[in-house]
Amino acid sequence: VFRNMIPDQARVLELGCGTGRISRVLAGNRRPVIGIDIALNMLQAAKRKEVPHCHYISMDMTRMGFTNQFDIILIGYNTLNLLCDKETIIRCLTGCKKYLHPKGKLLLQLYLPTKEFINNKKRTFQFQMFDRPGGGRVIKEILKKFCPRTRTIQVEERYRIRPMTRARENEDYQATYTLAGFPCSEWYTVFRKAGFSPTEIYGDYKYHPINDGNSTMLLGSFSHSK
């Protein structure tokens, strides 16, 4: 989805690149991409699949240090939500402004809690089932709970791998993390404080308009405030 929003010759910086899944797709003969992350195991996995014009650096996205600017800075898949508190988020965005070309764009995707979810005092539960390429199923369960005091969302993900064959045993994995749970209007205030203005904003991957209070995603671009 971001590929359609990035010019062919743009210099791209991806924050929280992980295993480089997005960086590799964006890199090309005329489009150099740098991905940064603080998780060394993720970067090691990214480097094993490194492609030309795509490079990875171990760096904290709240304390970046570069000698040049970028045409595009990308913060994908809820990565900014992981910083949780506004002070840390603004520090990250201030760094983005410093290293973003004056005519460049900040592209990102944010998770937004709906009003119904915020007002619900109980955990929400999501269940998904996928077929495995080698046979069997993967069951994914997601539990979320909003914390009014910290305005954060506690997320627990459970993965149950069921090969459905005697040759392999069942496997279970679990991950827990915290996300910033600000509504859309509050995110706009955070971006303004960091010196950014919205340019293109959507509520989903099909580029439908965002609906504050009902959309669960903010997808779009920001530029330097004038």
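Residues numbered from 1 in each chain as written. Predicted model: local features only at pLDDT ≥ 70, side-chain atom pairs only at ≥ 80, totals over all residues. Heavy atoms only, no water.

Draft legend 1. Spotlight on helix 5 (residues 184–193). Within helix 5, burial applies to Cys184, Glu186, Trp187, Val190 and Phe191. Looking down the long axis of helix 5, one finds its buried residues gathered within 155° of arc, a one-sided arrangement. Helix 5 presents Arg192 and Lys193 as exposed residues on the side facing more than 90 degrees away from its buried surface. Buried residues along helix 5 sit against helix 3 (86–99), strand 5 (100–111), strand 9 (171–180), strand 10 (196–202) and strand 11 (217–224). Gly195 sits one or two positions beyond helix 5 and adopts a positive phi of about 95°. (Buried < 20%, exposed > 50% of the residue type's maximum accessible area, 1.4 Å probe, protein only. Helix = DSSP H or I, 4+ residues; strand = E, 2+ residues; numbered from the N terminus. Arc of directions from axis to C-beta. Contact = heavy atoms within 4.5 Å.)

Draft legend 2. Structural view of the sheet that holds strand 3 (residues 54–58). Reading across the sheet, the seven strands line up as 3-2-1-4-5-11-10 and stay open at both edges, with mixed pairing between neighbours. The open sheet has two free edges, formed respectively by strand 3 and strand 10, since each of these has just one partner strand. Strand-to-strand twist across the sheet, computed as the mean angle between neighbouring axes with direction ignored, equals 20°. Sheet analysis places strand 1 (residues 12–15) next to strand 2 (residues 33–37), joined by four bridges and oriented parallel. Pairing of Leu13 across the sheet is with Ile34, part of strand 2. Strands strand 2 and strand 3 of the sheet are contacted by helix 2 (residues 40–48), whose axis makes an angle of about 160° with strand 3. Along the sheet, helix 5 contacts strand 5, strand 10 and strand 11; its crossing angle with strand 5, the most-contacted strand, is approximately 155°. (Pairing = 2+ DSSP bridges. Axes fitted to C-alpha atoms, helices over the stretch in contact; angles between N-to-C directions.)

Draft legend 3. Expanded view of the sheet that holds strand 7 (residues 137–147). Read across the open sheet, the four strands follow the order 6-7-8-9; overall the sheet is antiparallel. The open sheet has two free edges, formed respectively by strand 6 (124–131) and strand 9, since each of these has just one partner strand. Strand-to-strand twist of the sheet, defined as the mean angle between neighbouring strand axes without regard to direction, takes the value 15°. The pairing of strand 7 with strand 8 (residues 152–162) spans eleven bridges and is antiparallel. Bridge pairing in strand 8 links Lys144 to Val155.

Draft legend 4. Region of the structure containing the side chain of Glu156. Mapped onto the elements of the fold, Glu156 is located in strand 8. Looking at Glu156, its side chain comes within polar contact range of the side chain of Arg158, at 3.0 Å. Reaching out from Glu156, the side chain makes a polar contact with the side chain of Gln174 at a distance of 3.3 Å. What Glu156 contacts, discounting residues up to four positions off in sequence, is Arg123, Glu141, Ile142, Leu143, Gln174, Ala175 and Thr176. (Polar contact = N/O pair within 3.5 Å; in protein donor to acceptor, adjacent residues only side chain to side chain.)

Draft legend 5. Quick peek at the pattern of salt bridges. Under the counting rule described, the total for this entry stands at 15 salt bridges. Linking Arg160 and Glu141 is a salt bridge whose minimum nitrogen-to-oxygen distance equals 3.2 Å. Here Arg160, found in strand 8, pairs with Glu141, found in strand 7; they are 19 residues apart in sequence, far enough to count as distant. A residue is classified by how much of its surface remains accessible, and Arg160, at 25% relative accessible area, is partly exposed. When the shortest N-O distance is used, the salt bridge between Asp172 and Arg160 registers 3.9 Å. Note that Asp172 is positioned in strand 9 and Arg160 in strand 8, a separation of twelve residues in sequence. When its relative accessible area of 48% is taken as the criterion, Asp172 is described as partly exposed. (Salt bridge = Lys/Arg side-chain N within 4 Å of Asp/Glu carboxyl O.)

Draft legend 6. The arrangement of the packing of aromatic side chains in detail. Scanning the entire structure with this criterion turns up seven aromatic pairs. Centroid distance Trp187 to Phe191: 6.2 Å. Interplanar angle 40°. Geometry classified as tilted. Of the two residues, Trp187 and Phe191 are both situated in helix 5; the distance of four residues between them amounts to about one turn of the helix. Accessibility assignment for this pair places Trp187 and Phe191 in one class, buried. Note on Phe191 and Phe222: the rings are 4.1 Å apart at their centroids and 15° apart in plane angle, and the pair reads as stacked. Taken together, the residues Phe191 in helix 5 and Phe222 in strand 11 connect sequence positions 31 residues apart. Overall, Phe191 belongs to the buried group, its relative accessible area being 1%. (Phe/Tyr/Trp six-rings, centres within 6.5 Å; stacked < 30°, edge-to-face > 60°.)

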